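Fold and contact review
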Amino acid sequence: MSLSARLRTGFAEAYGAAPLIEARAPGRVNLIGEHTDYNDGFAMPVAIGPETRVAFLPEAGADLRVAALDFGESDCFDPATVSPHTEGGWRNYVRGVVDELRRAGVAVPGGALAIAGSIARGTGLSSSASLEVALTHALLAAAGQSWRALDIALLAQRAECGFPGVRCGNLDQIASAATTAGHALLIDCRSLALRQIPLPDDIAIMIVQSGVRRGLVDGEYNTRRAECERAAAFMGVAALRDADEAMLAAAQGGLDERAWRRARHVIGDNRRTREAAEALAADDLIATGRLMRESHLSQAADFAITVPHTDSLAGLLNTAIGDEGGARQTGGGFGGAVVAIMRRARVETARNAVLANYRTPDGALPDVRVETPAAGAAVIAR
Ligand code: GLA
């Protein structure tokens, strides 16, 4: 059953009615530029096929009833006086979006809402961002408003920082909201300038799940963020986006070693991301692949967010792919997925190398998927 059919069937079972509005938002995989977004830098994601869909039947003056079909869980609250749910989890992504819309002056109606998705949670493909973005679309449509994709993304990001309390950057939500089918998206996370980069048909994007669950990530994430802020303050810049290799050299010895290494990764990945965008636009997979390999090594040695399983997976893929393309750990880190880019002719070689030589920590075969860049979020029925 398609995701849309599952959503509509689940909606009918939960509420005995049909929805009026349906919205979708894709997950994302980041090709390069990691932990650069909250340093006001650059990142280059693509949207992927797996997505979250929400269906909504507004009813003015009613509470908002929410059914999370994939979990068999529900929630119910008054949108006008929404507050965080004590259990946290998916409910606070929903409540957080409603709260931010309310703060933005949008009259969010109550009614019946159902959520279903095809992005496995905890796999680093931004299931939470896609939920926030799809929901923002649906609730805005119900309120008779239509916003720019970027504004939807920024509201969704604020929603994630609010009730759920994750100090994330804007990469995931912009990737879900503002991508175009067949394109990678170069994001300037400070100016919010976006550049769509067409990907030729013979380029394949492969995502391999390491099977390492990202435990304790929020704490590590916030620590990395604080280290980056410390480095920026030491160098006298507003954000690491404004620092360069010369400032880094001058800071060596004065700034503590750990913050200095974090800064070296961010400054390097900002440069690599811009270079990779040029390389990809020129269909130069040799340069793109080299930059991805360098980015992985920098995440391992300086940002300290890779784990032995993602190191070995990236190594395996890089050997199988050869010069034309490359692989690196993608997303927040400490496990999750490895992303690789290569010519389509290489896909079977790369897949076979992974299946023959890599096992998850549980000894299982890893999930390997090949993605074509999907379209960004939209309201698809109303
Ligand atoms: C997570 C965050 C993003 C970004 C990445 C790392 O996905 O939600 O904002 O910081 O990690 O690049």
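All figures in this text were calculated on a predicted structure; none of them were measured in a lab. (Residues numbered from 1 in each chain as written. Predicted model: local features only at pLDDT ≥ 70, side-chain atom pairs only at ≥ 80, totals over all residues. Heavy atoms only, no water.)

1. Some points on the overall build of the protein chain
Rule in force here: Secondary structure elements are taken from DSSP: a helix is a run of H or I of four residues or more, a strand is a run of E of two residues or more, and numbering for both begins at the N terminus. Atoms counted for the radius of gyration: C-alpha only. Globule rule: 2.2 Å times the number of residues to the power 0.38. Classification of residues uses two cut-offs on accessible area relative to the type maximum, computed with a 1.4 Å probe and protein chains only: under 20% is buried, over 50% is exposed, and between them is partly exposed. By definition, residues are in contact when any of their heavy atoms lie within 4.5 Å. None of His or the chain ends enter the tally, which takes Lys and Arg as positive and Asp and Glu as negative. Lysine's charge is taken at NZ, arginine's at CZ, aspartate's at CG and glutamate's at CD.
A count of helical and extended segments in the protein chain gives 11 helices and 12 strands. Against the 2.2 N^0.38 benchmark of 21 Å for 382 residues, the protein chain shows a C-alpha radius of gyration of 21 Å, consistent with a compact globule. In terms of principal-axis extent, the alpha carbons of the protein chain reach across some 60 × 50 × 40 Å. Put simply, the protein chain has 382 residues, and 57% of those count as buried. The long-range share in the protein chain, meaning contacts at least 24 apart out of those at least 6 apart in sequence, stands at 72%. Separation between the mean location of the 39 positive side-chain charges and that of the 45 negative ones in the protein chain comes to 0 Å.

2. With respect to the site of the ligand
Formally: Working definition: residue near molecule or strand if any one of its non-hydrogen atoms lies within 4 Å of it. Within 3.5 Å is the distance limit for a polar contact, defined as a pair of N or O atoms, with the added protein rule that one can donate a hydrogen and the other accept it, and that residues adjacent in sequence qualify only through two side-chain atoms. Residue burial considers only the protein chains on display, and all accessible areas are found by Shrake-Rupley using a 1.4 Å probe. Polarity classes work like this: nonpolar for Ala, Val, Leu, Ile, Met, Phe, Trp, Tyr, Cys and Pro, charged for Asp, Glu, Lys and Arg, and polar for all others, with Gly in that last group.
Close contacts around the ligand come from Arg28, Glu34, His35, Asp37, Tyr38, Cys168, Gly169, Leu171, Asp172, Tyr221, Gly331 and Gly332, and that covers them all. The separation between an oxygen atom of the ligand and a polar side-chain atom of Arg28 is 3.1 Å. At a separation of 2.6 Å, an oxygen atom of the ligand approaches a polar side-chain atom of Asp172. Here the ligand, which alone exposes 300 Å², has 92% of that area covered by the protein. Per-class residue counts for the shell around the ligand are four nonpolar, four polar and four charged.

3. Comments concerning the environment of Leu135
One can find Leu135 in helix H3 (residues 127–142). Classification of Leu135 as buried rests on a relative accessible area of 0%. In this structure, the C-alpha to C-alpha distance between Leu135 and Gln173, residues 38 residues apart in sequence, is 12 Å. For Leu135, the contacting residues outside a window of four places in its chain are Val54, Val94, Val97 and Leu113.

4. Quick notes on the packing of helix H8 (residues 257–281) against helix H9 (residues 285–301)
Rules: Helix axes use the C-alpha atoms of the stretch in contact, all axes being lines fitted to C-alpha atoms, and the angles between their N-to-C directions lie in the range 0 to 180 degrees. Geometric relationships in this document are graded by angle, where less than 35 degrees denotes roughly parallel, more than 145 denotes roughly antiparallel, 65 to 115 denotes roughly perpendicular, and other angles denote oblique. In this scheme the handedness of a crossing depends on how the near helix is turned from the far one: anticlockwise by less than a right angle means left-handed, clockwise means right-handed.
Two elements in contact, H8 and H9, have axes whose closest approach is 9 Å; the angle formed by their N-to-C orientations is 165°. As judged from the angle between their axes, H8 and H9 are roughly antiparallel. For the pair H8 and H9, the crossing hand works out as left-handed. On the side of H8, the interface is formed by Arg261, His265, Asp269, Arg272, Glu275, Ala276, Ala279 and Leu280, while H9 contributes Leu285, Ala287, Thr288, Leu291, Glu294, Ser295, Ser298, Gln299 and Ala301. Classifying every residue of the contact of H8 with H9 by side-chain character gives seven nonpolar, five polar and five charged.

5. Digging into helix H5 (residues 171–178)
Within H5, eight of the eight residues are buried, which leaves it mostly tucked inside the rest of the structure. Along H5, the residues classified as buried are Leu171, Asp172, Gln173, Ile174, Ala175, Ser176, Ala177 and Ala178. Check the buried side of H5 and you find it contacts strand E1 (21–32), strand E2 (42–59), H3, helix H4 (149–161), strand E6 (183–188) and strand E7 (194–198).

6. A closer look at the side chain of Asp75
Relative to the helices and strands, Asp75 resides in strand E4 (residues 73–77). Taking relative accessible area as the criterion, Asp75 reaches 8% and is therefore assigned buried. Within the local environment of Asp75, its side chain forms a polar contact with the side chain of Arg95, the two groups lying 2.8 Å apart. If sequence neighbours within four positions are ignored, Asp75 has contacts with Leu64, Arg65, Val66, His85, Trp90, Arg91 and Arg95.

7. Focus: the pairing of E1
Stated precisely, the cut-off is as follows: Between any two strands, pairing holds if DSSP finds at least two bridges.
Of all 12 residues that make up E1, 12 are buried, and the element is covered over most of its length. Here 10 bridges tie E1 to E2, and the two strands are oriented antiparallel to one another. Directly across from Pro26, in E2, lies its bridge partner Glu51. Strand direction decides the pairing type here: E1 and strand E12 (residues 378–381), joined by three bridges, are antiparallel.

8. Describing the sheet that holds strand E8 (residues 203–209)
Across the sheet, which stays open at both edges, the four strands sit in the order E9-E10-E8-E11 with antiparallel pairing between neighbours. In this open sheet, the two edge strands, each paired with only one partner strand, are strand E9 (325–330) and strand E11 (368–371). Looking at each pair of strands side by side, their axes are set apart by 20° on average, direction ignored.

9. Some details on the nonpolar core
Worth spelling out the cut-off: Joining through side-chain atoms within 4.5 Å is the link that ties buried Ala, Val, Leu, Ile, Met, Phe, Trp, Tyr and Cys residues into a set, and such a set is a nonpolar core.
Within the largest apolar cluster, 43 residues are counted, with the highest numbers of intra-cluster contacts made by Val66, Val94, Leu101, Leu113, Ile115 and Leu139. Per-element accounting of this core gives the leading share, eight residues, to H3. Ignoring anything within four residues of it in the chain, the contact list for Leu113 reads Phe11, Tyr15, Ala55, Phe56, Leu64, Arg65, Val66, Ala67, Leu135 and Leu139.

10. Regarding the packing of H3 against H4
Two numbers describe how H3 lies on H4: the axes approach to 9 Å, and their chain directions differ by 120°. Taken together, the axis directions place H3 and H4 in an arrangement best described as oblique. You can see that H3 and H4 cross each other, and the crossing is right-handed. The residues of H4 that touch H3, namely those facing Ser128, Ala129, Glu132, Val133, Thr136, His137 and Leu140, are Ile152, Leu155, Ala156 and Glu160. Looking at the contact of H3 with H4 residue by residue, the classes come out as six nonpolar, three polar and two charged.

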